[in-house]
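Coordinate inspection notes
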Amino acid sequence: MTDSTDVTYDDVIRGGIEGIVKVTLGKKLFFYTGIVLISVLAITFLFLARGQSRQWEEYLRAQSISFARFSPPALLKHFRGDFPPREKESLASVYDFLGFNRDLVRFSLYSPSGLELFESPLFPDFIDLIIEKQDSGLTERLSLARTTVQTIRLDDGHRLVDLLEPAFGPTGEHLLSVRYFISSDSVDRRQQEMRQQFLQIGLIAMVASLLLAAIVARRVARPVSDLINGVQAIGRGELETRIDVAGSDEIAALAKSFNKMSENLDSSRSALTEKNHDLQQANEALQSMQAKLIRSERLAAIGQLAAGISHEIDNPVGIIHGYAELLLEECGPDDSRREDLRSIIEECRRCKRITGGLLGFARSGSGVRETVDLDKLCRETIVSLSPQRLFREVVVKYERPETLLTVDGDGDQIRQILVNLMINAAQAMQGQGKLIVRLERDGDYAVICVVDSGTGVPEHDRERIFEPFYSTKERDEGTGLGLSLCRKLAEDHGGELLLDPDGRVGTKICLRLPL
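Describing the nonpolar core
Counting residues in each nonpolar core, the largest one holds 36 residues, and the members touching the most others are Leu374, Leu418, Met422, Leu435, Ile448, Leu497 and Leu511. Of all the secondary structure elements, the ones that give two or more residues to this core are α9 (374-385), α10 (411-428), β9 (432-442), β10 (445-452), α11 (482-492), β11 (496-499) and β12 (508-514). In contact with isoleucine 448, not counting residues within four places along its chain, are Leu374, Cys378, Leu418, Val437, Arg438, Leu439, Ile509, Cys510 and Leu511. Listed in part, the 21 residues of the second largest apolar core include Phe67, Phe79, Val94 and Ala167.

Some points on the packing of α9 against α10
Direction vectors running N to C along α9 and α10 enclose 50 degrees, while the axes themselves pass 10 Å from each other. In terms of orientation, α9 and α10 fall into the oblique class. When the axes of α9 and α10 are compared, the crossing they make is right-handed. Judged by residue contacts, Leu374, Leu377, Cys378, Glu380, Thr381, Ile382 and Leu385 of α9 engage Gly411, Ile414, Arg415, Leu418, Val419 and Met422 from α10. Its residues assigned to classes, the contact of α9 with α10 comprises nine nonpolar, two polar and two charged.

Quick look at unusual backbone geometry
Glycine aside, a negative phi is what most residues show, and trans is what most peptide bonds show. One non-glycine residue, glutamine 430, lies in the positive phi region at around 55 degrees. Secondary-structure assignment places glutamine 430 in the loop between α10 and β9. A relative accessible area of 71% means that glutamine 430 is categorised as exposed.

As for the packing of aromatic side chains
This structure, assessed with the given rule, holds four aromatic pairs. Consider the rings of phenylalanine 45 and phenylalanine 198, whose centres lie 6.0 Å apart with planes at 40 degrees: the pair is tilted. Of this pair, phenylalanine 45 sits in helix α2 (residues 25-70) while phenylalanine 198 sits in helix α6 (residues 185-235), and the two are 153 residues apart along the sequence. For phenylalanine 45, a relative accessible area of 17% puts it in the buried group. Residue phenylalanine 198 is classed as buried on the basis of its relative accessible area, which comes to 19%. Ring centres of phenylalanine 107 and phenylalanine 118 lie 5.7 Å apart, and the angle between their planes is 45 degrees; on these two criteria the pair is classed as tilted. Of the two residues, phenylalanine 107 sits in strand β1 (residues 104-110) while phenylalanine 118 sits in strand β2 (residues 116-119), which places them eleven residues apart along the sequence. Taken as a pair, phenylalanine 107 and phenylalanine 118 share a single burial class, namely buried. Of note, arginine 512 hangs over the ring of tyrosine 445, and the distance from its end group to the ring centre comes to 4.6 Å.

Basis of the calculations
Here the residue numbers are simple positions, counted from 1 along each chain's written sequence. In keeping with the model being predicted, local features are shown solely for residues with a pLDDT of at least 70 and side-chain atom pairs are shown and tallied solely at 80 or more, while totals for entire chains, interfaces and linings include all residues. Hydrogens and water are ignored here; the side-chain numbers use all heavy atoms of the structure. For our purposes a nonpolar core is just a set of buried Ala, Val, Leu, Ile, Met, Phe, Trp, Tyr and Cys residues, chained together by side-chain atoms within 4.5 Å. Burial classification: accessible surface area is computed with a 1.4 Å probe over protein chains only, and a residue below 20% of its type maximum counts as buried, one above 50% as exposed, and the rest as partly exposed. Put simply, DSSP H or I for four residues or longer makes a helix, DSSP E for two residues or longer makes a strand, and each gets a number counted from the N terminus. Whether two residues touch is decided by their heavy atoms; if any such pair falls within 4.5 Å, the residues are in contact. Orientation is described by axes fitted as lines to C-alpha atoms, over the contacting stretch for helices, and by angles from 0 to 180 degrees between their N-to-C directions. In what follows, roughly perpendicular refers to angles from 65 to 115 degrees, roughly parallel to angles under 35, roughly antiparallel to angles over 145, and oblique to any angle outside these ranges. Handedness of each helix crossing follows the sense of rotation of the near helix against the far helix: counterclockwise by less than a right angle gives left-handed, clockwise gives right-handed. Residues are sorted three ways: Asp, Glu, Lys and Arg are charged, Ala, Val, Leu, Ile, Met, Phe, Trp, Tyr, Cys and Pro are nonpolar, and all the rest, Gly among them, are polar. In this analysis, rings of Phe, Tyr and Trp, with Trp reduced to its six-membered ring, are considered paired at centre separations within 6.5 Å, and the interplanar angle assigns stacked below 30 degrees, edge-to-face beyond 60, and tilted for intermediate values. Note on geometry: a ring has a charge over it if NZ (lysine) or CZ (arginine) is within 6 Å of the ring centre and within 35 degrees of the ring normal.

Structure follows, in structure tokens:
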């Protein structure tokens, strides 16, 4: 039990992780596009920062060299060969003269042989700066008698430009060299400010790039998502699904192809549905025709049987019936044989009804064809049946159209159908109830409907009531041939006899005859 629970839990966790880490095309496109844009921006800003730093370094060096080349003549003039100058005012004027360069830390004077003639104190802006002796390679630099520049880094992180500038006399002889220590703090500050600005610009550009990547990913992934939803809808059978086409790129071409495919599938399904409908109708017509052929064969067999046995049965039964009536007349009122004779007479009459029905099948046919006024036929039939005992407590209502309805057929056979239907309806209501005879037109057919207020026909008997010898009545009330004979007569006239299954109360049977 525990193992099963663990497996189920693991499956749930695995499914949840897969759902969380599911990477869609839009996410992939956003990720890769963002990485590329950020990398390009980072490399670009890195090169820009390095280039700008190099420019500032070159600018500081150029400015320092210009300053160094400009100041030696003035220094020689102020020192006048005395190191340090004898007059304090001269030294102060030197500081004032060089002080316009705010990056100057200190300067020193050296003879061509390398002797340090003078070293100034730290200028006020760099009074706390600690500078150790930087004499490495100084002798070699002094012997070159030209401007040399190098950068040194102090222990506290400050950078200094070490610039050595020779000073020449009027005749061109090398008199001395001036060594300047120039601070790179101003350049470093500018570089730091520049890096911060580049960082801010880079962050803004990065956010803008990510937004751009998101927009591009959405614009690319959304049509793909629409295509996926469309394919899933097609898979569910929604063949009317279409995708909005925007633009003229490959995805738009794919959407057009999808719409064309779904349209073809929809057309194919519509054609297949129509063919299937036609096939169902043809199958129903075939089944109906087979049922009619089976009924016709059955009725033909009954007709042949009736023609063969009518004389063989009718005559003996008629003789028995006649002798039984004679014996009944000779028996006294108290004779015990009277009941037996009545039973014999009743059964003989039943046999006569059966053989009569059979002969009706054998003799049915086209009959005498003439123009039959259905309204007149219905009224005459109702009038002829109303006096009978079975219809005394039945309220018969006749509904007729305003236009004349006539058919080409045998009036007696049509009357026989209507009589049979009305008698069946009255018997179903046990002689009490409401009976409606309705004559109407339905397209190219005249329809006579007989509606009763009885108990109706059970659903399992609705198809069998038209079969020969099948009856829902009592044994002495019918033979089960009436509706079968009526249907055969209706079909002989090119019509049909139908039981309306929608009747909520009672039974509704309609005779349809072509006009």
